[in-house]
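Residue strings, one per chain:
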Amino acid sequence: MTSNEQGAATAALVRTGLRGAAILAAGLLFSSNAAAGFYNDGKVLLTGGVVTIDGAGGGGITPWATISGYGTRDGINGGLHYTYAYLPNYSLNSYGGTVGFYDRVELSYTRSTLPTGSTFDTVGLVADILPGVVGDTGIQPFNTTIEMDVFGAKVRLFGDAVYTSDSLIPQVAIGGFYKDNKNKELLHTLQAAKAKDWEAYVAITKVYFPISTLVSITGRYTAANQTGLTGFGYKDRTAGGDGGSDKKKELRLEVSIATLVAKNTAFGAEYAQHGDFLDGVGVNLNGLGTAGILSAVADLDLDSLGLVSTKNLEKALTQHEDDWYDLFFAYAPNKRISFVVAYAMLGNITLTPDQHGFYLSTHLTF
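As the structure is a prediction and not an experimental result, all values here were calculated from the model. (Residues numbered from 1 in each chain as written. Predicted model: local features only at pLDDT ≥ 70, side-chain atom pairs only at ≥ 80, totals over all residues. Heavy atoms only, no water.)

**Focus: the overall build of the protein**
Reasoning step 1: Secondary structure summary: the protein contains 6 helices and 16 strands in total.
Reasoning step 2: Within the protein, buried positions represent 52% of all 366 residues.
Reasoning step 3: A separation of at least 24 residues holds for 67% of the contacts in the protein among residues at least 6 apart in sequence.
Reasoning step 4: In the form shown here, the protein has an accessible surface area of approximately 16,000 Å², with 60% of it arising from carbon and sulfur atoms. (Helix = DSSP H or I, 4+ residues; strand = E, 2+ residues; numbered from the N terminus. Buried < 20%, exposed > 50% of the residue type's maximum accessible area, 1.4 Å probe, protein only. Contact = heavy atoms within 4.5 Å. Areas by Shrake-Rupley, 256 points an atom, 1.4 Å probe, with all protein chains shown as cover.)

Okay, structure coming up:
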């Protein structure tokens, strides 16, 4: 068996194991006999956090050290989540489930779909006018949709974020994600090194009740581009490129601050550092980089064809990535449901600038 086959087999085993654990946990929760002995929702409102776009318990874009749901050390608690983000060129739909075991272990699964609107229209149209030169770009004629599965796990190591407010010792947890992006051809076009990869993080979280404020700091070890929606790392695949380094993982900082204005209401802000692996990188069309594309279309009148002008083509084919910020409002009328409304400031996302907009997230617990 080759190393690639071994890697694929290991990844499949991890996915199967996580799916099996989630199914088992759900079975325990919904079984009337098991529920009587295992179900628990003893934690205070909002103290399990909401759910990130990756599916972990925490804020909207960064995981916290808290275990998702309201289960204490005496039981199990699970939930379902859905997030919708509306941006000028994108609309993210993220949905899945989480299970917390004895306020110690959390397992999660999330499916993310990202219709990209007109983002890749220019690349697709350029490919169409270069017949015989460009192969499969992974770009659909009108609307390319990116899809990704995210499997997560988290373990609380020590400390308590909530119930030891007289102590400065925070709650500390380690966790990780395995992300599987389904758009291999598109990621090849964007020159990402990988479509599948893992991430690891350490989260430190504390609620300071005298000032009704939560502070959480997370260090994420990752090579993700746009959280993995545009792949992982970078590999030069254009003509003359050496296909060299895939830009190994790096440590990135994430911070959340939230103020509890009532026992079921919070306002806050978040920051998530992103990488620059694809920042300033052009697209690759079957080995044809930006310079090659400009040369190939130099004699064409793009304006008359209804395309971007030749003058602006290089800019339209160059990717950028910025750090993410958000301002959020969280409300939990009871322990069965919570809502988050946020304004997300995501900056440049791949070929599109100024991607700022609102997102709505809901979390159902059981």
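**A closer look at the pairing of strand S3 (residues 76–86)**
Reasoning step 1: Of the strand pairs in this sheet, S3 and strand S4 (residues 91–101) are connected by 11 bridges, and their pairing is antiparallel. Across the sheet, His81 pairs through a bridge with Gly96, a residue of S4. (Pairing = 2+ DSSP bridges.)

**Some details on the environment of Tyr343**
Reasoning step 1: For Tyr343, the location among the structural elements is in strand S14 (residues 337–345).
Reasoning step 2: Tyr343 sits 17 residues away from Asp326 along the chain, and the two C-alpha atoms are 5.5 Å apart.
Reasoning step 3: Excluding residues within four positions of it along the chain, Tyr343 makes contact with Tyr325, Asp326, Leu327, His356, Gly357 and Phe358.

**A short note on the packing of aromatic side chains**
Reasoning step 1: Per the stated rule, a full pass over the model turns up 6 aromatic pairs.
Reasoning step 2: Centre to centre, the rings of Tyr109 and Phe151 are 5.2 Å apart; their planes meet at 45 degrees, and the pair counts as tilted. With Tyr109 in strand S5 (residues 105–115) and Phe151 in strand S6 (residues 145–158), this residue pair connects regions lying 42 residues apart in the sequence.
Reasoning step 3: Among the residues examined, Tyr109 registers a relative accessible area of 29% and is labelled partly exposed.
Reasoning step 4: The exposure class assigned to Phe151 is buried, which follows from its relative accessible area of 2%.
Reasoning step 5: Geometry around Phe177 places Lys179 over its ring, the cationic atom sitting 5.5 Å from the centre.
Reasoning step 6: We note Lys249 situated over the ring of Trp198; from NZ or CZ to the ring centre the distance is 4.2 Å. (Phe/Tyr/Trp six-rings, centres within 6.5 Å; stacked < 30°, edge-to-face > 60°. Lys NZ or Arg CZ within 6 Å of the ring centre and 35° of its normal.)

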